[in-house]
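Architecture and fold: a report
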Amino acid sequence: INDSVQLNGFGGTQYLWTPYDWITGAITASPIVFPKVNKEYVLRVFNGYCYDYDTLTVTVNSLPEIISNGNINICRGDTGTVEVAVNGSVLWQPDSGLLSPDDFITKAFPQNTATYTVIATDSNNCVNRATVKVTVHDVPPTPVINGYQNILSTISGYSYQWFLNDSLLPDF
């Protein structure tokens with residue numbers, strides 16, 4: 001899909017390739033075809049006295065499907081997992097901030113928000129691309145706990161979970 005191939009005819013002085021759809025150079029020995037589906041082409045060859053014809057089928061392979069776990073969010077300094085399922089091989093680009101850029105599942109640890117492109121190649125050498133964005137968030141400041149008159153308070157603008165002896169305190 002979305003590719004082209006050059007056909008080659010020989011043995012004549014005039015050439016005619018049909019049908020005319022998805023073809024450039026239909027009256028040459030070597031046209032370029034770019035069909036969207038499997039397509040049979042007929043070549044008519046004339047040498048000045050006689051003509052002959054032959055057929056060939058151009059097979060259009062579908063692009064490899066890429067199934068991703070989607071965009072992820074991590075805190076600065078943490079790692080996240082980016083993964084894809086592909087019938088073929090993969091290569092992640094850029095490879096900076098990735099543990100294994102040629103694995104289906106790899107750890108991402110960019111310093112700043114990054115968009116990675118995964119390039120999938122199948123057994124027919126068809127190539128497809130998809131992107132995964134890893135958004136890096138700043139770590140909130142360490143809370144300062146003020147315990148004045150049995151009232152606990154922290155810096156506003158953040159949400160907190162309160163624990164007492166490793167047990168979550170409800171309704172805080």
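From a predicted model like this one, the values you see are computed outputs, not experimental measurements.

Attention now moves to the overall build of the chain. Summing up its helical and strand segments, the chain has zero helices and 17 strands in all. Against the compact-globule benchmark of 16 Å for 172 residues, the chain has a radius of gyration of 30 Å, which places it well outside the compact range. The long-range fraction of contacts in the chain, counting pairs at least 24 apart against all pairs at least 6 apart in sequence, stands at 41%. Between the mean site of the 7 positive side-chain charges and the mean site of the 15 negative ones, the chain shows a separation of 9 Å.

A few words on the sheet that holds strand 9 (residues 80-85). Pairing within the open sheet is antiparallel, and its three strands lie in the order 7-9-11. Whereas interior strands pair on both sides, the edge strands pair on one side only; in this sheet they are strand 7 (67-68) and strand 11 (105-108). Relative to strand 9, strand 7 runs antiparallel, the two being bridged by two bridges. Bridging across to strand 9, S68 finds its partner in V84.

A few words now on the environment of N112. Within the secondary structure layout, N112 lies in the loop between strand 11 and strand 12 (114-121). Distance from N112 to N73, taken between C-alpha atoms, is 11 Å for residues 39 residues apart in sequence. Those residues within four positions of N112 in sequence are excluded, and the remaining contacts are R76 and V136. Within the local environment of N112, its side chain forms a polar contact with the side chain of R76, the two groups lying 3.2 Å apart.

Take the nonpolar core next. Ranked by size, the top nonpolar core spans 17 residues in total, and within it V82, V84, W92, Y116 and V134 carry the most contacts. Contributions of two or more residues to this core are made by strand 8 (72-75), strand 9, strand 10 (89-93), strand 12 and strand 13 (127-137). Of all the elements, strand 12 adds the most residues to this core, at four residues. Judged by nonpolar contacts, the second largest core, of ten residues, contains L7, A26, V45 and V58.

Looking now at the pairing of strand 9. Side chains G80, V82 and V84 of strand 9 all project onto a buried face; the interleaved residues T81, E83 and A85 project onto a face where none is buried. Direction of pairing for strand 9 relative to strand 11: antiparallel, over a ladder of four bridges. Across the sheet, residue V82 finds its bridge partner in strand 11, namely T106.

Glancing now at the side chain of K39. Counting through the fold element by element, K39 comes out in strand 5 (residues 39-46). Take K39: its relative accessible area is 18%, and that puts it in the buried class. Not counting the four nearest positions on each side in its chain, K39 is found in contact with P19, D21, W22, L56, T57 and V58.

Cut-offs applied
Residues numbered from 1 in each chain as written. Predicted model: local features only at pLDDT ≥ 70, side-chain atom pairs only at ≥ 80, totals over all residues. Heavy atoms only, no water. Helix = DSSP H or I, 4+ residues; strand = E, 2+ residues; numbered from the N terminus. Rg over C-alpha atoms; globule rule 2.2 N^0.38 Å. Contact = heavy atoms within 4.5 Å. Lys, Arg positive; Asp, Glu negative; His and termini not counted. Charge placed at Lys NZ, Arg CZ, Asp CG, Glu CD. Pairing = 2+ DSSP bridges. Polar contact = N/O pair within 3.5 Å; in protein donor to acceptor, adjacent residues only side chain to side chain. Core = buried A, V, L, I, M, F, W, Y, C linked by side-chain atoms within 4.5 Å. Buried < 20%, exposed > 50% of the residue type's maximum accessible area, 1.4 Å probe, protein only.

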